[in-house]
Amino acid sequence: MPELPEVETVCRRLREAAIGAEIARARVFRPGTVKPQAPASVSRRITGRRIEAVVRRGKNIFVQFSGGAVVRVHLRMTGNLRVIPDARLYPATTRVLLAFSDGRGLIFDDPRALGVLHVCGAREAAQIAGKLGPEPLSPEFTPEVFAGIARRSKKPAKLFLMDQGHVAGLGNIYAAEALFRARIHPARPVNRLSRRKLDALHVAIVSVLKQALTSVYKAYRGPDGIGGGGDFPVRVYGREGEPCLVCGRSIRSIPQGGRSTYFCPGCQRA
Ligand SMILES: [Zn+2]
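Description of the structure in this document. What you see is a predicted model; the values in this text were computed from it and never measured.

Calculation notes
Residues numbered from 1 in each chain as written. Predicted model: local features only at pLDDT ≥ 70, side-chain atom pairs only at ≥ 80, totals over all residues. Heavy atoms only, no water. Helix = DSSP H or I, 4+ residues; strand = E, 2+ residues; numbered from the N terminus. Rg over C-alpha atoms; globule rule 2.2 N^0.38 Å. Buried < 20%, exposed > 50% of the residue type's maximum accessible area, 1.4 Å probe, protein only. Donors = N, O, S within 2.8 Å, 3.2 Å for Na, K, Ca; no water. Tetrahedral: all angles 85-135°; square planar, octahedral: opposite > 155°, others 65-115°. Pairing = 2+ DSSP bridges. Axes fitted to C-alpha atoms, helices over the stretch in contact; angles between N-to-C directions. Contact = heavy atoms within 4.5 Å. Expected span 1.5 Å × (residues − 1). Salt bridge = Lys/Arg side-chain N within 4 Å of Asp/Glu carboxyl O.

This part is about the overall build of the chain. Within the chain one finds eight helices and 10 strands. Its C-alpha radius of gyration of 20 Å places the chain within 12% of the 18 Å reference for a compact globule of 270 residues. Principal axes of the C-alpha set define a box for the chain whose edges measure 55 × 35 × 30 Å. Every one of the 270 residues in the chain was classed for burial, and the buried ones make up 51%.

Okay, unusual backbone geometry next. Among all residues save glycine, negative phi is the norm, and among peptide bonds the norm is trans. Omega for the bond connecting Lys 35 with Pro 36 falls within 30 degrees of zero, at 5°, which places this linkage in the cis form. Residue placement: Pro 36 occurs in the loop between α2 (31-34) and α3 (39-46). The phi dihedral of Ala 113 falls on the positive side, at around 55°, and the residue is not glycine. Structurally, Ala 113 can be placed in the loop between β7 (105-109) and β8 (116-120). If you check the backbone angles, Arg 183 has positive phi at about 60° while not being a glycine. Relative to the helices and strands, Arg 183 resides in the loop between α7 (172-182) and α8 (195-219). Classification of Arg 183 as partly exposed rests on a relative accessible area of 42%.

This brings us to the coordination of the zinc ion. Surrounding the zinc ion are the protein donor atoms Cys 244 (SG), Cys 247 (SG), Cys 264 (SG) and Cys 267 (SG), at 2.3 to 2.4 Å. Its four donor atoms give the zinc ion angles of 96 to 118° at the centre, a pattern that matches the tetrahedral case. Each donor residue of the zinc ion lies on one chain, and together they are spaced C-x2-C-x16-C-x2-C. Within this pair, whereas Cys 244 is found in the loop between α8 and β9 (252-256), its partner Cys 264 is found in the segment after β10 (259-263), the two being separated by 20 residues in sequence. Both residues of the pair, Cys 244 and Cys 264, count as buried.

Our next topic: the sheet that holds strand β5 (residues 80-84). Across the sheet, four strands lie side by side as β1-β6-β7-β5; this open sheet has antiparallel pairing. Each edge of the open sheet is held by one strand with a lone partner, namely β1 (23-28) and β5. For this sheet the average axis-to-axis angle between neighbouring strands, irrespective of direction, equals 15°. By the bridge criterion, five bridges tie strand β6 (residues 94-100) to β7 in an arrangement that is antiparallel. The residue bridging Leu 98 from the neighbouring strand is Leu 106, located in β7. Across the face of the sheet, helix α1 (residues 4-18) comes into contact with β5, β6 and β7 while running at roughly 25° to β5. Strand contacts of α3: β1 and β6, with the helix running at about 165° to β1, the strand carrying the most contacts.

A separate point is the sheet that holds β8. Strand order in this open sheet of four strands is β2-β3-β4-β8, and the pairing throughout is antiparallel. With partners counted over all chains shown, the strands left at the sheet margins are β2 (51-57) and β8, one partner each. Taken pair by pair, the neighbouring strands of this sheet meet at an average axis angle of 20°, ignoring direction. Pairing geometry for strand β3 (residues 60-65) and strand β4 (residues 70-74), over five bridges, is antiparallel. Residue pairing across strands places Val 63 opposite Val 71, the latter belonging to β4. Set on the sheet, helix α4 (residues 122-130) makes contact with β2, β3, β4 and β8; between it and β3 the angle comes to about 160°.

Next up on the list: α8. Compared with an ideal rise of 1.5 Å per residue, which puts 25 residues at 36 Å, α8 spans 36 Å between its outermost C-alpha atoms and is within 8% of the ideal. Leu 198, Leu 201, His 202, Ala 204, Ile 205, Val 206, Val 208, Leu 209, Ala 212, Leu 213, Ser 215 and Val 216 are the residues of α8 that are buried. Along its buried surface, α8 packs onto α1, α5 (143-151), α6 (157-162) and α7.

Once that is clear, we can look at the pattern of salt bridges. The final tally for this structure, using the stated rule, is 13 salt bridges. In this structure, Asp 163 engages Lys 155 in a salt bridge whose closest nitrogen and oxygen atoms are separated by 2.7 Å. On the basis of relative accessibility, which here comes to 32%, the residue Lys 155 falls in the partly exposed class. When salt bridges with common partners are traced through the structure, they connect Glu 8, Arg 12, Arg 15, Arg 56, Arg 57 and Glu 135 into a single cluster.

And the structure:
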């Protein structure tokens, strides 16, 4: 599932390829992707408009059009938003196609069809963004801000990190990796963590995301989608039963919020 580094990579590629492009026609191949909006209304609101900006907030993509319309996309599990050189040659898993007047196209490609695409106005886009916590790679994400948010939550550390209202953009992989680097047990309630531990977690979140972003951006080439995490050094995620690279204990997995959390019982005691 794409997290901040993958979604930011998609946005960077769109900024490189799609800014200034004019939408000649829009086709919704799968009405469920734009539900509860009608395909015809989605099409009407962006046809003839130009793409002016691509903005990411958390795992949300906001494509801003001339005239004020905003297309908001959430990729969920398998979604990808990308430009293809010929709008007529779209893959079978394309859910929405925005054909450019220059012959190219922007496609929302989503094999498992769990992602969503909606058209909204600037105010509605701001409302969606306003419900999210701070951007972890922005200057506003200071150790003080992070500690302040953590003090108000009794959630287990892993679930706290995955709640988009607390910190925007972390998911199952990078939350687990940040907790490992900060040596924090994923089930530990965040409001019981010392300030020193919270500061270590803050540093870990920023370093994990920066490293992952560099690696994902480098790995993301060609038409194969977001791909893996590139050369990002995964230390706990998906490594159940394998030895910890730091202490040698076996990596364990526990269920949290319906997902598997990977951690090292040797390194992550506090
Ligand atoms: Zn360990």
